[in-house]
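Residue strings, one per chain:
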Amino acid sequence: MTTVRARVLLLASSTALLCLGTVTGTAVAAPAPDGAGEGFTASQTPEQDNSAQGAQFAPAGAQPEVAGAPSNIDQRTHSTKPVYDYANAIRESVYVDTKMDTDSDGTDDVIAVDIVRPRETAAAGRKIPVIMDASPYYSCCGRGNESEKKTYDENGVIQKMPLFYDNYFVPLGYAMVGVDAVGTNRSTGCGDVGGKDEIESVVAVIDWLNGRNTAHTGDGDPVRATWTTGSVGMIGKSYDGTLANGVAATGVRGLKTIVPISAISSWYDYSRSGGVPYSIDYMPWLGGYVGHDSAACDAVRADLGEQDADETGDYTNFWADRDYLKDARKVKASVFITHGLSDYNVQTNHFAQWWDALAKNGVQRKIWLGLEDHVDPFEFRRTEWVAELHKWFDYWLQGLQNNVMREPMAAVETAPDVWKNYSTWPATQKTVPVPLAAGKLGTFAKGTVSITDEPTLTEDDIVTAPSEVLAGRQMFLSAPLPAAIRVSGTPTVTLRIKSDSVTTPVTARLVEYGDAERYSGIRRTGVDTCEGSSVSYDDACYFTVEKLTEESDHGIVSRGWIDAAHSGSLSRPRPLTPGKWTTVTVPLRAQDEVIPKGRILGLAVTLSDTEWTTPNDTGATIDIDLANSKLNLPITVGKVNPPTAKAAPLEVTITTPSERPDLHDPTH
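Novice: So what exactly am I meant to see when it comes to the overall build of the chain here?
Specialist: In terms of regular secondary structure, the chain is built from 12 helices and 28 strands. Put simply, the chain has 668 residues, and 59% of those count as buried. Counting every atom, the chain has about 24,400 Å² of accessible surface; 51% of that belongs to carbon and sulfur.

Novice: Quick question: what am I supposed to make of the side chain of Thr 98 here?
Specialist: Relative to the assigned elements, Thr 98 resides in the loop between strand E4 (90-97) and strand E5 (110-117). Within polar-contact distance, the side chain of Thr 98 engages the backbone oxygen of Asp 109 at 2.8 Å. The residues contacting Thr 98, other than those within four sequence positions of it, are Asp 108, Asp 109, Ile 111 and Ala 204.

Novice: Explain the packing of helix H3 (residues 196-209) against helix H4 (residues 239-248) here, please?
Specialist: The angle between the axes and the distance between the axes are what describe a pair of packed helices. Two elements in contact, H3 and H4, have axes whose closest approach is 9 Å; the angle formed by their N-to-C orientations is 75°. Taken together, the axes of H3 and H4 lie roughly perpendicular to each other. Seen from H3, the contacting residues are Glu 198, Ile 199, Val 202, Val 203 and Ile 206; seen from H4, they are Tyr 239, Leu 243, Gly 246 and Val 247. Of the residues in the contact of H3 with H4, the class split is seven nonpolar, one polar and one charged.

Novice: What's the story with the pattern of salt bridges in this structure? I'm lost.
Specialist: It is possible for side chains bearing opposite charge to pair when their charged atoms get close. Enumeration according to the criterion identifies 30 salt bridges in this entry. The partner of Lys 150 in a salt bridge is Asp 114, and the shortest N-O contact between them spans 2.7 Å. Taken as a pair, Lys 150 in the loop between strand E6 (128-135) and helix H2 (165-169) and Asp 114 in strand E5 lie far apart in primary sequence, 36 residues in all. Of the two residues, Lys 150 and Asp 114, neither departs from the other in class, the shared state being buried. A salt bridge links Arg 496 to Asp 625, with the nearest nitrogen and oxygen atoms 3.0 Å apart.

Novice: How should the environment of Pro 408 be read in this particular structure?
Specialist: Topologically, Pro 408 is positioned in the loop between helix H11 (382-398) and strand E15 (410-415). In this structure, the C-alpha to C-alpha distance between Pro 408 and Lys 366, residues 42 residues apart in sequence, is 8.2 Å. With residues up to four places along the chain from it excluded, the contact list for Pro 408 reads Lys 366, Asn 421 and Tyr 422.

Novice: Explain the packing of aromatic side chains here, please?
Specialist: Aromatic rings in a pair are described by how distant their centres are and how their planes are angled relative to each other. Within the structure shown, the criterion is met by 27 aromatic pairs. Their ring planes at 35° and their centres at 5.7 Å tell us that Tyr 282 and Trp 285 sit as a pair that is tilted. In this pair, Tyr 282 and Trp 285 are both assigned in helix H6 (residues 282-290), three residues apart and thus about one turn of the helix distant. Given a relative accessible area of 23%, Trp 285 falls into the partly exposed group. Here Lys 150 stacks its cationic end above the ring of Tyr 138, 4.2 Å away from the centre of that ring. The cationic tip of Arg 382 hangs over the ring face of Phe 378; the distance from NZ or CZ to the ring centre is 4.1 Å.

Novice: Please clarify how the nonpolar core should be interpreted in this entry.
Specialist: Counting residues in each nonpolar core, the largest one holds 77 residues, and the members touching the most others are Met 132, Trp 208, Met 234, Leu 255, Trp 267, Trp 354 and Trp 425. With eight residues, H3 is the single largest residue contributor to this core. Phe 164, Met 176, Phe 336 and Val 375 belong to the second-largest nonpolar core, a separate cluster that totals 37 residues.

Novice: So what exactly am I meant to see when it comes to the confidence of the model for the chain here?
Specialist: Where the model shows low pLDDT, its predicted coordinates should not be examined in detail. Here the chain shows a mean pLDDT of 89. Residues at 70 or above account for 88%. Every residue in residues 1-69 is under pLDDT 50, and counting partners more than four places away or in other chains gives 207 contacts.

Cut-offs applied
- Residues numbered from 1 in each chain as written.
- Predicted model: local features only at pLDDT ≥ 70, side-chain atom pairs only at ≥ 80, totals over all residues.
- Heavy atoms only, no water.
- Helix = DSSP H or I, 4+ residues; strand = E, 2+ residues; numbered from the N terminus.
- Buried < 20%, exposed > 50% of the residue type's maximum accessible area, 1.4 Å probe, protein only.
- Areas by Shrake-Rupley, 256 points an atom, 1.4 Å probe, with all protein chains shown as cover.
- Polar contact = N/O pair within 3.5 Å; in protein donor to acceptor, adjacent residues only side chain to side chain.
- Contact = heavy atoms within 4.5 Å.
- Axes fitted to C-alpha atoms, helices over the stretch in contact; angles between N-to-C directions.
- Parallel < 35°, antiparallel > 145°, perpendicular 65-115°, else oblique.
- Nonpolar A, V, L, I, M, F, W, Y, C, P; charged D, E, K, R; others polar.
- Salt bridge = Lys/Arg side-chain N within 4 Å of Asp/Glu carboxyl O.
- Phe/Tyr/Trp six-rings, centres within 6.5 Å; stacked < 30°, edge-to-face > 60°.
- Lys NZ or Arg CZ within 6 Å of the ring centre and 35° of its normal.
- Core = buried A, V, L, I, M, F, W, Y, C linked by side-chain atoms within 4.5 Å.
- pLDDT = per-residue confidence, 0-100.

Printed below as a string of structure tokens:
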């Protein structure tokens with residue numbers, strides 16, 4: 001259903017970031033007081049472990065029909081259907097126990113869990129699976145383009161659960177569970193920003209859902225999750241999806257699938273690139289923005305600042321604790337990734353390196369890549385996204401043998417609202433070496449060129465006048481492409497350099513030149529669609545967006561940064577020996593883009609980048625050995641030729657100045 005709402009809302013993006021008396025009764029809970037987790041004995045711990053149902057790489061087994069329960073399974077289409085009354089759903093708020101005391105108050109932390117589930121399945125004694133969104137944003141920032149926050153009734157029981165998941169999936173026979181990460185909203189304790197405590201706070205909830213942990217109401221009454229099969233699917237955007245990645249990397253039993261949207265796979269790679277920080281003191285800032293305002297949590301966040309190694313850019317144990325890639329071998333859940341190819345908040349290296357790590361470990365997976373930046377596909381491909389999620393969760397959580405795993409593995413948006421399916425991603429595992437010559441891309445040459453750091457250069461300075469000599473930049477240009485090429489994967493730039501300094505940042509940009517109508521962003525409309533059932537305090541209606549394009553003469557294909565001393569090792573940097581040759585590899589960001597025939601490729605190399613990273617200029621000068629330097633381009637077909645001597649100079653017009661999002665701006 002499509003409607004027009006007569007109301008005006010500011011576009012507030014949340015992208016930075018991000019009593020069970022009986023089984024049929026509605027829980028009555030109040031915010032958890034200090035010490036609410038006390039009073040349990042071993043005899044009160046449930047003995048059942050529902051997580052053993054179903055193999056980890058197969059969907060959970062379908063439940064048999066229970067006499068008197070409405071049938072929510074369409075046997076013809078192998079899908080769930082909305083037969084349960086959302087308005088009459090059970091809404092409950094409970095507190096799950098942990099063995100952590102992150103705020104050092106002498107009492108173990110408790111994790112606030114809000115639940116919406118069908119009343120009919122409870123009455124029939126039918127167990128149902130769980131869709132979970134664990135988040136630190138439920139009170140500080142809200143979720144989605146409309147910044148929805150949790151709301152509660154006078155007894156502290158959940159009323160509004162943000163986003164459409166409960167409205168859509170509860171009538172289908174799922175429970176929707178919203179988890180407040182440790183140290184946020186109604187959970188106690190202090191968060192450690194992507195660390196073990198945050199991840200374990202969510203694991204504790206999955207353990208409770210599988211009978212391996214205890215929980216209670218705000219009044220202290222014990223609560224068991226006897227209503228669930230224990231099969232859990234996690235979903236969420238940005239920080240929420242990051243938690244899903246981290247939880248999956250523990251291998252916790254019961255987690256059957258995750259759907260990370262624009263999610264981080266390594267916090268080191270979120271805060272810096274190869275030893276070059278994007279911003280300083282980000283981790284303690286973010287912890288303070290989303291977490292409790294208390295002296296105890298201030299101390300935890302101060303410790304984050306002490307351990308983040310901003311002054312060196314090194315990969316340390318602190319970052320290893322927040323690196324989910326190293327534990328990809330533990331992932332047992334299937335993974336449905338979606339990411340924007342223009343996302344420079346959570347940059348595209350996050351999905352690409354996570355995808356590769358999952359592939360190496362045989363994880364069943366699927367991927368959608370849009371043109372957009374830090375945007376949920378619910379906003380830009382709503383109808384198809386909701387339908388695909390429905391099939392995905394039906395397969396992995398309900399055990400319904402639909403065709404979702406026989407569909408193409410990858411879907412890529414090749415032009416605004418034009419999608420193409422592929423059987424795999426990336427299109428190639430190999431890169432084509434494209435040699436460098438002075439001012440030219442695609443031809444081998446001997447000799448050297450030099451760059452002296454010019455920290456005042458902006459990206460717009462760097463990409464304009466590409467045919468001219470510009471102090472602080474070396475530009476390498478191709479001839480017009482003789483045929484279209486598809487860049488699919490992660491490009492890199494190999495440079496053999498000699499520096500007059502013990503280290504220097506090295507920055508590379510891959511640019512495509514040529515007039516075209518290019519994607520430039522999204523804008524909210526005044527029209528909404530309703531995805532599921534609504535009640536007065538929790539509607540299922542959300543504004544749509546429209547995609548924007550603009551005529552321009554160039555586009556950025558990818559960017560990348562590295563500190564030269566960190567090129568060989570992120571954890572044990574080796575200072576350069578001034579005057580001695582060394583090889584540096586600059587990792588660019590993953591991309592999937594078809595660059596049409598006739599476009600010209602440009603590789604711009606500079607040193608420090610005070611616009612897109614934290615100022616760290618060293619004043620260095622480097623020489624580049626052209627014969628031993630190259631662009632490594634993952635392309636499937638076509639080739640890159642050098643320009644001829646008669647090539648006309650390129651003229652570039654900047655219509656919209658480029659600007660990287662400020663990570664300390666909560667709207668990002």
